[in-house]
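Structure at a glance
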Amino acid sequence: MKKILCSDLGGPANCDVAIMGETFDELGENSKTHVMQMVAAGDEDHQAAIEKMKSATPEEQQKMFASFKEAFDNASEE
Ligand SMILES: [Zn+2]
């Protein structure tokens, strides 16, 4: 099980909620669930993070994805 902070996955820089996952895909799903819950609760920072990702070019999105993957690969096993 690996653990990465929301802020390392494209979330708001001030969000230190830990996202857990056995695999990168699982972690991605858990991250999405967390972000959706925050947005549903009216959190503007997480809404802004989604907008930022949506408005990124495919090339930028690829770079973001690569950095998330790197954060996952570098995270220590819990
Ligand atoms: Zn968050």
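So, a few notes on the structure that sits alongside this text. (Residues numbered from 1 in each chain as written. Predicted model: local features only at pLDDT ≥ 70, side-chain atom pairs only at ≥ 80, totals over all residues. Heavy atoms only, no water.)

This brings us to the environment of Gly28. For Gly28, the position within the fold is in helix α1 (residues 24–40). Exposure remark for Gly28: the relative accessible area of 30% places this residue in the partly exposed category. Considering only alpha carbons, one finds Gly28 and Ala71, 43 residues apart in sequence, at a separation of 12 Å. (Helix = DSSP H or I, 4+ residues; strand = E, 2+ residues; numbered from the N terminus. Buried < 20%, exposed > 50% of the residue type's maximum accessible area, 1.4 Å probe, protein only.)

Further remarks concern the coordination of the zinc ion. Surrounding the zinc ion are the protein donor atoms Cys6 (SG), Cys15 (SG), His34 (NE2) and His46 (NE2), at 2.1 to 2.3 Å. The site at the zinc ion holds 4 donor atoms, and with the angles between them running 106 to 114 degrees, its shape is tetrahedral. Linear spacing of the donor residues for the zinc ion on their chain is C-x8-C-x18-H-x11-H. Residue Cys6 is located in the loop between β1 (2–5) and β2 (18–21), and its partner His46 is located in helix α2 (residues 44–54); the two are separated by 40 residues in the primary sequence. Take Cys6 and His46: they sit in the same class, and that class is buried. (Donors = N, O, S within 2.8 Å, 3.2 Å for Na, K, Ca; no water. Tetrahedral: all angles 85-135°; square planar, octahedral: opposite > 155°, others 65-115°.)

Bringing the packing of aromatic side chains into the picture now. Under the defined criterion, the tally for this structure stands at 2 aromatic pairs. Aromatic pair Phe24 and Phe65: ring centres 5.2 Å apart, planes at 75 degrees, arrangement edge-to-face. Within this pair, whereas Phe24 is found in helix α1, its partner Phe65 is found in helix α3 (residues 58–74), the two being separated by 41 residues in sequence. A relative accessible area of 14% places Phe24 in the buried class. Clustering of aromatic rings is evident, with ring pairs tying together Phe24, Phe65 and Phe72. For Lys2, the ring lying beneath its charged end belongs to Phe72, and the centroid distance is 4.9 Å. (Phe/Tyr/Trp six-rings, centres within 6.5 Å; stacked < 30°, edge-to-face > 60°. Lys NZ or Arg CZ within 6 Å of the ring centre and 35° of its normal.)

Turning our eyes to something else, we now look at a negative patch on the surface. Together, Glu22, Glu26, Glu77 and Glu78 line one region of the surface with negative charge. Structurally, Glu26 can be placed in helix α1. (Patch = residues over 30% accessible without salt bridge, like charges linked within 9 Å, V, L, I, M, F, W, Y side chains within 5 Å. Areas by Shrake-Rupley, 256 points an atom, 1.4 Å probe, with all protein chains shown as cover. Salt bridge = Lys/Arg side-chain N within 4 Å of Asp/Glu carboxyl O. Lys, Arg positive; Asp, Glu negative; His and termini not counted. Charge placed at Lys NZ, Arg CZ, Asp CG, Glu CD.)

Moving on to α1. Here α1 is 17 residues long and its end C-alpha atoms lie 24 Å apart, about the 24 Å a rise of 1.5 Å per residue gives. Among all positions in α1, only Phe24, Leu27, Ser31, His34 and Val35 are buried. One side of α1 carries all its buried residues, which in axial view fall inside an arc of 95 degrees. Opposite the packed face of α1, turned more than 90 degrees from it, sit the exposed residues Asp25, Gln37 and Ala40. On its buried side, α1 packs onto β1, β2, α2 and α3. Of the residues one or two after α1, Gly42 is the one with positive phi, at around 90 degrees. (Expected span 1.5 Å × (residues − 1). Arc of directions from axis to C-beta. Contact = heavy atoms within 4.5 Å.)

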